[in-house]
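Structural overview for review
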Amino acid sequence: MARTRPSVTDPGTRRSGKVGSIRGMNVTVLAKFVPNPTGTPSLGPDNLLIRDAGDGALDPGDEYGLELALQLVEAGGGEVTIVSMGPAEALAGVQRGLAMGAHKGLLVTDPALRGADALVTARVLAAAVARTEYDLVITGAESTDGYTGTMPATLAELLGIASVTAVRKLEPDNDGFRAERQTESGYDVLTSPKPTLITVTAGATEPRYPSLKGIMAAKSKPVDTVSAADLGVTDLASTQTVAAVTDAPAKAGGEIVTGDDAVTRIADLLTEAKVI
Amino acid sequence: MGATWVYAEVTPDGAHPSALELLTKARTLGGEVAAIALGPGATAAAPELGAHGATIVYASDDQVFADQPGRTAAHTLHWLIGQHTPSLILLPGTYEGRDVAGCLQALTGSTLMANATDVESASRARTEIFGGTKIIDVDLAGPEPRLILVRPKSFPPEPGGGTPEIVAVDAVTPSGPTATVVERHAEAASGPKLEEANVVVAGGRGLGGPEPFALLDDLAAAIGGAAVGASRAAVDAGWVPYAYQVGQTGKTVKPEVYIAAGISGALQHVVGMKGAKRIIAINKDADAPILKIADLGVVGDLFEIVPALTEEVRRRASS
Ligand SMILES: Cc1cc2nc3c(=O)[nH]c(=O)nc-3n(C[C@H](O)[C@H](O)[C@H](O)COP(=O)(O)OP(=O)(O)OC[C@H]3O[C@@H](n4cnc5c(N)ncnc54)[C@H](O)[C@@H]3O)c2cc1C
Ligand SMILES: Nc1ncnc2c1ncn2[C@@H]1O[C@H](COP(=O)(O)O)[C@@H](O)[C@H]1O
């Protein structure tokens, strides 16, 4: 027997975003600005990740979802809004999204949000997304620097909307969506009503490069910059603090071989390991 | 400390290995240990969960948990938490675990730590960053239960328990719109499961396309009991399905031997295989990072070495 219980917040008030549009589909894309996405990041003296070293960029993991959003509105009409929370430099990430073709941006930047934990981040982003118009909210499956992968599910519940994670393909379907969701052993197909939040896996689309025209056009697209207080989020206390950082014991270097010996050495090792 | 709960992923085939790993850890924390098993197969898995340390198994076989993943389990857990007030909930770092934990956090307002590799108590857990080169101990605060998502294979599962009390629970279906599963498709390779195989032969971008994966299949077959894996670069390129992926976003493997061919050894790949007992890397670039963590590093062309190795393994097997 199923028991039905209301959610923590009343559906009437929690879905404060202006949902729906007459024509086409509006998509809000979350995009994180991350430090040094291709190298090894580093920790500052306060044990927090250094986020303002000048080598940051839009998280490559968010570009797959942005590309999907652009394709959806190009096919059916509507607008794409980028939402990002980060240091002032994160504006560069929003601008890259605009240069790729998004229509407007919303940047939450606030020194008080440095070191924000997963819950604070989700609350702030929920308040920010609620200010945008959306039929669909798209995030990455996990961020390159934080890789918790939980923020999107928290966000969907705070917004009071349906969600499908690990999506590799999405199509509009009647009044909602039809999504292919990656699973451990293959994939599932889900249907979901509007509005829905999805997380998009790496490799799901092939993100475009911003064109010169796109980069020029981005300069005149609207970007709102707000603080946590502007969004009405005041409880910013983090529930997680770093107690200690230690270096893992380094692994002793192994044997390196080249040339004719190689095959014999590998086979010897397999024999030693008793696997052949 | 108060009770520790383990969110036990179950299918009609049994408990997910992560459930047994987490229960083994939960037993060491002091306090009562319960497992929460939601979905088809839950009641049948209860004895195994008990044998690994759960004294109570809250179980429901309701199909709704499989059809409306994530939210339904989180709302049911939230209701159970209200009844029994545990201190700590351990969840597996799988897609399902992440979705349940993320949604549950919105309902309870409690802290949620992801990617944990060890757990000391409800107020302290450990994670590793930068490909496992730095160990971070994290203090957790805020309302209980604290939520911790643990990386797969962080603890070896060991039996040590008894017959659990099974408490049937009803599904709590959340109000509002929910996504529903309408089709299921399997893509996994035949042969041994990647996470359970004794030997893993993995290929990366260095293979250059889907066809050369046949070379790895041949080597795996010659070894016997070996599974084929891949780096994300090979999966993203569409050469092999996601079920092959090893690493941070894919599977965590701890085989006796891991053979990496044409894989550079990026941090996110390494976290998924560094626990292998012996690592063999074949790479044509002497500076590839994978060679620094390999027990045996071969600098050379995989297209020459892999077929020759397959021959040699066959020869030794038949002599
Ligand atoms: C959030 C996030 C999560 C990620 N999760 C994962 C994950 O789960 N798993 C994962 O694997 N990656 C993951 N990655 C990606 C990771 O950073 C690397 O991009 C990826 O692992 C690279 O794959 P590769 O080693 O096959 O390719 P490359 O780095 O391009 O390396 C190819 C290697 O092949 C060698 N080679 C080429 N030809 C030959 C030949 N003929 N013979 C021998 N060697 C040859 C080259 O020298 C090179 O070292 C993740 C990244 C991010 C940001
Ligand atoms: N500060 C942020 N600003 C914008 N989007 C974010 C932020 N943090 C997380 N996200 C989104 O949430 C996804 C998952 O993040 P995480 O939970 O950190 O792994 C990312 O891929 C982003 O799309």
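Higher on the page you've got the structure.
Residues numbered from 1 in each chain as written. Chains lettered and ligands numbered in written order. Predicted model: local features only at pLDDT ≥ 70, side-chain atom pairs only at ≥ 80, totals over all residues. Heavy atoms only, no water.

1. Quick notes on the pattern of salt bridges
Residue and element names in this part refer to chain A. Using the criterion set out here, one finds 28 salt bridges over all chains in the structure. The shortest N-O distance in the salt bridge between D145 and K32 comes to 3.1 Å. Taken together, the positions of D145 in the loop between strand 9 (136-140) and helix 5 (151-159) and K32 in the loop between strand 3 (27-30) and strand 4 (33-34) put the pair 113 residues apart, joining distant regions of the chain. Look at K32 and you get partly exposed, because its relative accessible area is 25%. (Salt bridge = Lys/Arg side-chain N within 4 Å of Asp/Glu carboxyl O. Helix = DSSP H or I, 4+ residues; strand = E, 2+ residues; numbered from the N terminus. Buried < 20%, exposed > 50% of the residue type's maximum accessible area, 1.4 Å probe, protein only.)

2. Quick notes on the site of ligand 2
Residues and elements named next belong to chain A. In the vicinity of ligand 2, 18 residues are found, and the nearest of them are D62, M85, S143, T148 and G149. Within the backbone of G149, a nitrogen or oxygen atom sits 2.8 Å from an oxygen atom of ligand 2. Between ligand 2 and M151, the relevant distance is 3.3 Å, taken from an oxygen atom to a main-chain nitrogen or oxygen of the residue. For the shell around ligand 2, the elements supplying multiple residues, two or more each, are strand 6 (80-85), strand 9 and helix 5. Element by element, the count of residues in the shell around ligand 2 is highest for strand 6, at 3 residues. (Near = heavy atom within 4 Å. Polar contact = N/O pair within 3.5 Å; in protein donor to acceptor, adjacent residues only side chain to side chain.)

3. Some words on the interface of chain A and chain B
With 87 residues of chain A at the interface, the matching set in chain B holds 91 residues. Along the contact surface separating chain A from chain B lie 7 salt bridges. Of the charged contacts in the structure, one is a salt bridge between E142 of chain A and R98 of chain B, with a shortest N-O distance of 2.8 Å. In this structure, the connection of chain A to chain B is made through 36 residue pairs in polar contact (both at pLDDT 80 or more). For the side of chain A that touches chain B, the element with the most residues is helix 7 (residues 261-272) of chain A, which contributes 11 residues. (Contact = heavy atoms within 4.5 Å.)

4. Comments concerning helix 3 (residues 91-100) of chain A
When we look at burial in helix 3 of chain A, the residues that qualify are G93, V94, G97, L98, A99 and M100 of chain A. Positive phi shows up at G101 of chain A, right after helix 3 of chain A, with a value of about 135°.

5. Observations regarding the packing of aromatic side chains
Residue and element names in this part refer to chain B. Tallied over the full model, the rule gives 2 aromatic pairs over all chains. Centre to centre, the rings of W5 and Y58 are 5.5 Å apart; their planes meet at 45°, and the pair counts as tilted. Highlighted residues: W5 in strand 1 (residues 4-8) and Y58 in strand 5 (residues 56-60), separated in sequence by 53 residues. The exposure class of W5 is buried, given its relative accessible area of 2%. For Y58, a relative accessible area of 6% puts it in the buried group. Here the aromatic rings of Y95 and Y242 are separated by 6.0 Å at their centres, their planes lie at 20°, and the arrangement is stacked. You can see Y95 sitting in helix 5 (residues 95-108) and its partner Y242 sitting in the loop between helix 7 (232-236) and strand 16 (257-261), a full 147 residues away along the chain. (Phe/Tyr/Trp six-rings, centres within 6.5 Å; stacked < 30°, edge-to-face > 60°.)

6. Some details on the environment of E32 of chain B
Residue and element names in this part refer to chain B. Assignment of secondary structure puts E32 in the loop between helix 1 (17-27) and strand 4 (33-38). Residue class for E32 comes out partly exposed when judged on its relative accessible area of 43%. Taking C-alpha positions, E32 is 20 Å from A42, a pair spaced 10 residues apart along the chain. Other than its neighbours up to four places away in sequence, E32 contacts A3, T4, T55 and I56.

7. Details of the site of ligand 1
Neighbouring ligand 1 are 28 residues, the closest being R205, S231, T249, S264 and Q268 of chain B. In this structure, ligand 1 is bordered by residues of chains A and B. At a separation of 2.9 Å, an oxygen atom of ligand 1 approaches a polar backbone atom of R232 of chain B. Note that a nitrogen atom of ligand 1 is positioned 2.8 Å from one of the backbone N or O atoms of V246 of chain B. Isolated, ligand 1 exposes 990 Å² of accessible area, and the fraction of that covered by the protein chains is 83%. Breaking the shell around ligand 1 down by element, the ones donating at least two residues are helix 7, helix 8 (267-270) and helix 10 (302-318) of chain B. A class-by-class count of the residues in the shell around ligand 1 yields 6 nonpolar, 16 polar and 6 charged. (Areas by Shrake-Rupley, 256 points an atom, 1.4 Å probe, with all protein chains shown as cover. Nonpolar A, V, L, I, M, F, W, Y, C, P; charged D, E, K, R; others polar.)

8. Considering the packing of helix 4 (residues 71-84) of chain B against helix 5 of chain B
Residue and element names in this part refer to chain B. Relative to each other, helix 4 and helix 5 sit at 45°, their axes nearing to 8 Å. In this view, helix 4 runs oblique relative to helix 5, as classed from their interaxial angle. As for how helix 4 packs across helix 5, the hand of that crossing is right-handed. Contacts from R71, A73, A74, H75, L77, H78 and I81 in helix 4 reach V100, C103, L104, L107 and T108 in helix 5. (Axes fitted to C-alpha atoms, helices over the stretch in contact; angles between N-to-C directions. Parallel < 35°, antiparallel > 145°, perpendicular 65-115°, else oblique. Left-handed = near helix turned anticlockwise from the far one by under 90°.)

9. Notes on the sheet that holds strand 15 (residues 240-247) of chain A
Strand order in the open sheet formed by 10 strands is 15(A)-9(B)-8(B)-7(B)-10(B)-6(B)-1(B)-4(B)-5(B)-11(B), with mixed pairing between adjacent strands. Edge positions in the sheet fall to strand 15 of chain A together with strand 11 (165-168) of chain B, since each of these pairs with one other strand and no more. On average, adjacent strands in this sheet sit at an angle of 35° to one another, irrespective of strand direction. With 5 bridges joining them, strand 6 (residues 88-92) of chain B and strand 10 (residues 146-150) of chain B adopt parallel strand pairing. Bridged to L88 of chain B within strand 10 of chain B is R146 of chain B. Sheet strands in contact with helix 2 (residues 42-51) of chain B are strand 1, strand 4, strand 5 and strand 11 of chain B, and its direction is about 165° off that of strand 5 of chain B. Helix-sheet contacts for helix 5 of chain B involve strand 1, strand 6, strand 7 (112-121) and strand 10 of chain B, and the interaxial angle to strand 10 of chain B is about 165°. (Pairing = 2+ DSSP bridges.)

10. Topic: the nonpolar core
Formed by 41 residues in total, the largest nonpolar core has its most connected members in I266 and L270 of chain A together with F213, I223 and I259 of chain B. If we ignore the near neighbours within four places in the chain, the residues touching I259 of chain B are L270 of chain A together with V200, V201, A202, L219, I223, I280 and I282 of chain B. A35, A45, A125 and V138 of chain B belong to the second-largest nonpolar core, a separate cluster that totals 37 residues. (Core = buried A, V, L, I, M, F, W, Y, C linked by side-chain atoms within 4.5 Å.)

11. Brief notes about the packing of helix 2 (residues 60-76) of chain A against helix 3 of chain A
Residues and elements named next belong to chain A. One way to put it is that helix 2 packs onto helix 3 with a least axis distance of 10 Å and a crossing angle of 35°. Remark: the crossing between helix 2 and helix 3 carries right-handed chirality. Contacts between helix 2 and helix 3 involve E63, L66 and L70 from the first element and R96, G97 and M100 from the second. Classifying every residue of the contact of helix 2 with helix 3 by side-chain character gives 3 nonpolar, 1 polar and 2 charged.

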